[in-house]
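# Close look at the chain arrangement
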Amino acid sequence: MVGPHPEFIPPARPIIGEAEIEAAVRVLRSGRVVQGPEVAAFEEEFGDLVAGRHCVAVNSGTSALQLTLMALGLGPGDEVIVPSFSFAASANAVRLVGAEPVFVDIEPGSFCVDPQAVAAAVTPRTVAIMPVHLYGHPAAMDQIMAIAERHGLAVVEDAAQAHGATLHGTPVGAFGTAGCFSFYPTKNMHALEGGMVTTADAEVARTLRLLRNQGMEQRYANEIVGANMRMTDVAAAIGRVQLTQLAEWTEQRRANAKFLDSKITGMVTPPVADAAKHVYHQYTVRVEGNRDAAMARLTELGIGNAVYYPTPIHRLKPYLDSDGKPGPWDLPETERAAAEVVSLPVHPSLSPADLERIAEGANLAGGAR
């Protein structure tokens with residue numbers, strides 16, 4: 001049996017430095033640990049990343065999506081257009097409010113939702129579009145917003161993987177009715193756990209603040225039925241530290257990706273759309289041969305790798321029809337991506353030697369059979 005490589009390069013490496021530890025300890029010593037001044041400061045500072053929009057901090061990226069759909073009044077009978085090639089949370093949030101996801105295909109290059117597929121999926125029951133900025137590449141928001149405007153639809157951006165990504169200079173999270181970010185430990189920046197909703201609509205922001213806190217702004221003055229999805233001040237303090245480093249980490253990810261682009265020939269490297277700034281939450285290649293063999297070879301060489309996502313959402317058990325089948329969806333690019341993609345390390349902790357090994361390993365693995 002082959003043991004672990006002595007110099008294994010992990011596919012992701014959450015950064016927790018002394019500054020993050022000191023921030024957490026400072027909050028714990030203060031005694032104000034939930035929905036306090038650190039959360040308010042984090043919301044204000046995150047606004048600079050999304051063109052000054054209102055920001056509402058919550059306890060996870062999934063909560064951000066769910067509360068946004070609740071704030072917009074979605075429920076049974078409503079349809080939301082969602083790419084099937086994403087993490088299940090994108091569609092789960094739709095189901096959690098009683099609405100129904102309508103799955104559409106992706107563009108082969110960006111792995112993001114295909115605007116033509118979105119346009120074709122609009123029905124009288126459609127109330128919202130949820131583009132996912134997958135792997136850190138912005139979706140084609142100019143086209144998606146035009147479709148939404150034509151049909152009077154809300155747009156909820158799933159920006160969980162795309163902190164700082166832009167299209168034509170506009171940051172993700174600043175296009176649609178709302179944008180939803182995640183601060184899970186493996187994201188480009190984290191808060192140990194947490195999420196953020198961004199919106200230009202002050203009333204939506206106020207409703208979100210009510211929904212996250214049992215429906216109240218003033219204690220015991222409940223205005224609506226809400227939940228407990230607050231962010232802790234410990235998480236916010238860590239997020240604030242991470243936010244100050246996001247720009248530097250992003251440029252390192254982009255530099256790492258550029259190096260890999262220039263060296264990898266044995267796999268199909270990720271293209272970037274015109275006017276798009278990709279922030280490389282994942283560096284995702286396509287393996288056109290035997291993916292399992294390629295991944296086994298990468299692991300043998302000590303190079304972390306993973307598939308995001310091996311099963312499209314429409315094929316997951318909760319989304320099968322009553323006969324246990326995936327329903328009427330015709331999503332050839334989604335199926336092809338799920339069968340071909342592999343994500344390689346691109347995180348900012350990689351050394352030049354690591355990058356050389358990753359590129360060499362990818363070229364060797366690309367020929368594996």
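Provided above is the structure to which this section pertains.
Small disclaimer: the values here were computed from a predicted structure and weren't measured.

Parameters and conventions
Residues numbered from 1 in each chain as written. Predicted model: local features only at pLDDT ≥ 70, side-chain atom pairs only at ≥ 80, totals over all residues. Heavy atoms only, no water. Pairing = 2+ DSSP bridges. Helix = DSSP H or I, 4+ residues; strand = E, 2+ residues; numbered from the N terminus. Axes fitted to C-alpha atoms, helices over the stretch in contact; angles between N-to-C directions. Buried < 20%, exposed > 50% of the residue type's maximum accessible area, 1.4 Å probe, protein only. Polar contact = N/O pair within 3.5 Å; in protein donor to acceptor, adjacent residues only side chain to side chain.

Pairing in this open sheet of seven strands is mixed, and the strands run β1-β9-β8-β5-β4-β2-β3 from one edge to the other. Every other strand in the sheet has two partners, leaving β1 (54–58) and β3 (100–104) as the edge strands with one partner each. Strand after strand, the sheet turns through a mean of 25° between neighbouring axes, direction not considered. Examined bridge by bridge, strand β5 (residues 154–158) and strand β8 (residues 178–182) share three bridges and lie parallel to one another.

In strand β12 (residues 341–344), alternate side chains face the same way, and those of Val341 and Ser343 on one face and Val342 and Leu344 on the other are all buried. In terms of strand pairing, strand β11 (residues 283–286) meets β12 through four bridges, oriented antiparallel. Pairing of tyrosine 283 across the sheet is with leucine 344, part of β12.

Our next topic: the pairing of strand β9 (residues 195–199). Counting buried positions along β9 gives five out of five residues, so the element sits mostly inside the fold. The side-chain alternation of β9 yields two buried faces, one formed by Gly195, Val197 and Thr199 and the other by Met196 and Thr198. Sheet topology note: the β1/β9 ladder contains five bridges and is antiparallel. Bridging from a neighbouring strand, valine 56 pairs with valine 197 of β9. Sheet topology places β8 next to β9; four bridges connect them, and they run antiparallel. Pairing of glycine 179 across the sheet is with threonine 198, part of β9.

What follows deals with the side chain of serine 110. Note that serine 110 resides in the loop between β3 and α5 (115–121). Taking relative accessible area as the criterion, serine 110 reaches 8% and is therefore assigned buried. A polar contact of 2.9 Å, which involves the side chain of serine 110, links it to the side chain of glutamate 107. At 3.0 Å, the side chain of serine 110 and the backbone nitrogen of cysteine 112 are in polar contact.

What follows deals with unusual backbone geometry. Glycine aside, the phi torsion of most residues is negative, and most peptide linkages are trans. In this structure, tyrosine 309 follows tyrosine 308 across a cis peptide bond, with omega equal to 20°. Its place among the elements puts tyrosine 309 in the loop between α9 (291–300) and α10 (332–340). Phi at alanine 51 takes a positive value of approximately 60°, unusual for a residue other than glycine. Considering the arrangement of structural elements, one finds alanine 51 in the loop between α2 (37–46) and β1. Relative accessible area serves as the criterion here: at 60%, alanine 51 is assigned to the exposed category. A positive phi angle is found at tyrosine 220, which is not glycine, with a value near 70°. Within the secondary structure, tyrosine 220 sits in the loop between α7 (202–212) and α8 (233–263). Tyrosine 220 gets classed as exposed once you look at its relative accessible area, which sits at 66%.

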